[in-house]
Amino acid sequence: MTSPRRTFAIISHPDAGKTTLTEKLLVAGGAIHLAGEVKARGANRRARSDWMKIEQQRGISVTSSVMTFERAFDDLGVITFNLLDTPGHEDFSEDTYRTLTAVDSAVMVIDAARGIEAQTRKLFEVCRLRSVPIITFVNKVDREGRPVFELLDEIADMLALDVAPMSWPIGMGGEFEGVLDLETGGVSRPEGDSRNFQGKVDTDVTLPERFAEEVELAQAGYAEFDAEAYRNGDLTPVYFGSALKDFGVAELIDALARHAPAPRPQPAEPAPIAPEADEVTGFVFKVQANMDPNHRDRIAFMRLCSGTFKRGMKLTPTGHGKPIAVHSPILFFAQNREVADEAFPGDIIGIPNHGTLRVGDTLSERADIRFTGLPNFAPEILRRVALKDPTKTKQLRKALDDMAEEGVTQVFYPEIGSNWIVGVVGQLQLEVLISRLEAEYKVAAGLEPAPFDTARWVTGDAGDLKAFADLNRGAMAKDRDGNPVFLAKSAWEIGYVADRYPKVRFNATRER
Ligand code: GDP
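A short tour of the structure in this document, coming up.

The rules behind these values
Residues numbered from 1 in each chain as written. Predicted model: local features only at pLDDT ≥ 70, side-chain atom pairs only at ≥ 80, totals over all residues. Heavy atoms only, no water. Salt bridge = Lys/Arg side-chain N within 4 Å of Asp/Glu carboxyl O. Helix = DSSP H or I, 4+ residues; strand = E, 2+ residues; numbered from the N terminus. Buried < 20%, exposed > 50% of the residue type's maximum accessible area, 1.4 Å probe, protein only. Pairing = 2+ DSSP bridges. Core = buried A, V, L, I, M, F, W, Y, C linked by side-chain atoms within 4.5 Å. Domains from an automatic or database assignment. Contact = heavy atoms within 4.5 Å. Near = heavy atom within 4 Å. Polar contact = N/O pair within 3.5 Å; in protein donor to acceptor, adjacent residues only side chain to side chain. Areas by Shrake-Rupley, 256 points an atom, 1.4 Å probe, with all protein chains shown as cover. Nonpolar A, V, L, I, M, F, W, Y, C, P; charged D, E, K, R; others polar.

## Focus: the pattern of salt bridges
Per the stated rule, a full pass over the model turns up 23 salt bridges. A salt bridge links Asp470 to Lys466; the nearest nitrogen and oxygen atoms lie 2.8 Å apart. Taken together, the residues span about one helical turn, with Asp470 and Lys466 both in helix H12 (residues 462-471) at a distance of 4 residues. Via salt bridges that share partners, Arg358, Glu405, Arg480 and Asp481 belong to a single interconnected network.

This is the structure in structure tokens:
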């Protein structure tokens, strides 16, 4: 039986409490043994490979993963939640962007003591690009934090959003007493049974006077929750809580169930695909290679957009390749992962394959549509790859192609010369590249400055393109898929050539 879906991502800056919150969400959702797996996953990671060490050293999560849990509500029935984890670090905003293409909403976690940080802001902008509505969770209110008004104003100012406080912390730090639900007037207290969120712990509360005033001001001073404004991405409801002390978490699940959008129609050609359509369709938003170091297989993560997927079903990637029989899909259900052999729109399916499936691929029964809107971003850092052992050229090429497919880094093969160039949006992607080259491909390589600063995909008439490329051969390259790329020494140069060649377009993104 299908139940309503809420497919959402958690975004936050490192250390805001995303991992802790994820565990508590899973516990509150009844997926207790899966919460154990969050830890198990941590242990596996340690064993996996070098680049995972980067995660550990820096306390960031580089990879995104999927966790599914269910929760029964008295009035709503059972709801299935698909939680997609995202890398917290801004260097991986490209990865986050792709994950956000697969969700219908997001939860933004903010540390009450730190407020909105530059990284959070960048992640938020990624959400906005994709019109993903956001619920804000202000975490760590059990500690001394910034004044609540200041925090709310900061969210509103920095993100140009209306904020609607849904709850209010009664004191912070040492004075902390609990969180007041502004709608019902109930207070959840840390020592109360906050997991039993459908009945508020304390409903007949007289607030200490100075908090009563604060709450009155808050209600007068901020927007009221408006479901439509939230879904349009113009307003964020704000909840306060503590992931560590486990309160406010149940209220967050409740908010997701009540307000977060169900699976939405997805942009596609020739027409958007509604979740109600009969045909099974989906798109690959992430490919993860070498999840198991003993097997060189890859998992393609597909978001199901329409139809009822059944194990063994044949799906065809649009535009390339033969139908693939999906015999061993990985479904991320918490309770019964062995018997879950059906999936519904909004669900994520892991499809093991040997490199046939790529990020951005559309999969469907009839191969007659194509999902749109999964771009590559123009890299902000370019480096020349210097191979330490020249006999490893073939392995290096394979590795660079694989990483480009996975979206770890982009690769550019210049028309002249054999200095391959990698491009990234953030520095950490380069570190991941180098350690994975060594750990997984046994290729020792270094990075050297490239004579270029950024890249643009060039498009236009074949004749115009050729004329341009012929005159700029030293700056022309091909990406992983053979698309022509102009490597520029500076942003200024792009402006300059764009003026001189008005018939050629210089694109900062490319649809995959
Ligand atoms: P992530 O990097 O966003 O995944 O953050 P973690 O979940 O790893 O949390 C970072 C640190 O903050 C850890 O030491 C947590 O124990 C701590 N932490 C998380 N939530 C809370 C909270 O609500 N209150 C307090 N005091 N500490 C918290």
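## Topic: the pairing of strand S7 (residues 167-170)
The side-chain alternation of S7 yields two buried faces, one formed by Ser167 and Pro169 and the other by Trp168 and Ile170. Across 4 bridges, S7 lies against strand S8 (residues 178-181) in antiparallel orientation. The partner of Ile170 across the bridge, within S8, is Gly178.

## Concerning the nonpolar core
By size, the foremost hydrophobic cluster in this structure holds 56 residues, and its most contacted members are Leu84, Leu100, Met108, Leu152 and Phe285. Per-element accounting of this core gives the leading share, 5 residues, to helix H6 (residues 148-159). For this core, the domains that each give at least three residues are domain 1 (5-259) and domain 2 (268-371). Beyond its immediate sequence surroundings of up to four residues, Leu84 is in contact with Thr7, Phe8, Ala9, Ile10, Ser65, Val66, Thr99, Ala102, Val103, Phe285 and Ile348.

## Quick word on the site of the ligand
Residues in close proximity to the ligand total 16 residues, the closest being Asp15, Lys18, Thr19, Thr20 and Ser242. Contact between the ligand and Ala16: an oxygen atom at 3.3 Å from a main-chain N or O atom of the residue. Within the contact set of the ligand, an oxygen atom lies 3.0 Å away from a side-chain nitrogen or oxygen of Lys140. The fraction of the free accessible surface of the ligand (570 Å²) that becomes covered by protein chains is 76%. Sorting elements by how many residues they give to the shell around the ligand places helix H1 (residues 18-28) first, with 3 residues. Grouping the constituent residues of the shell around the ligand by class yields 4 nonpolar, 7 polar and 5 charged.

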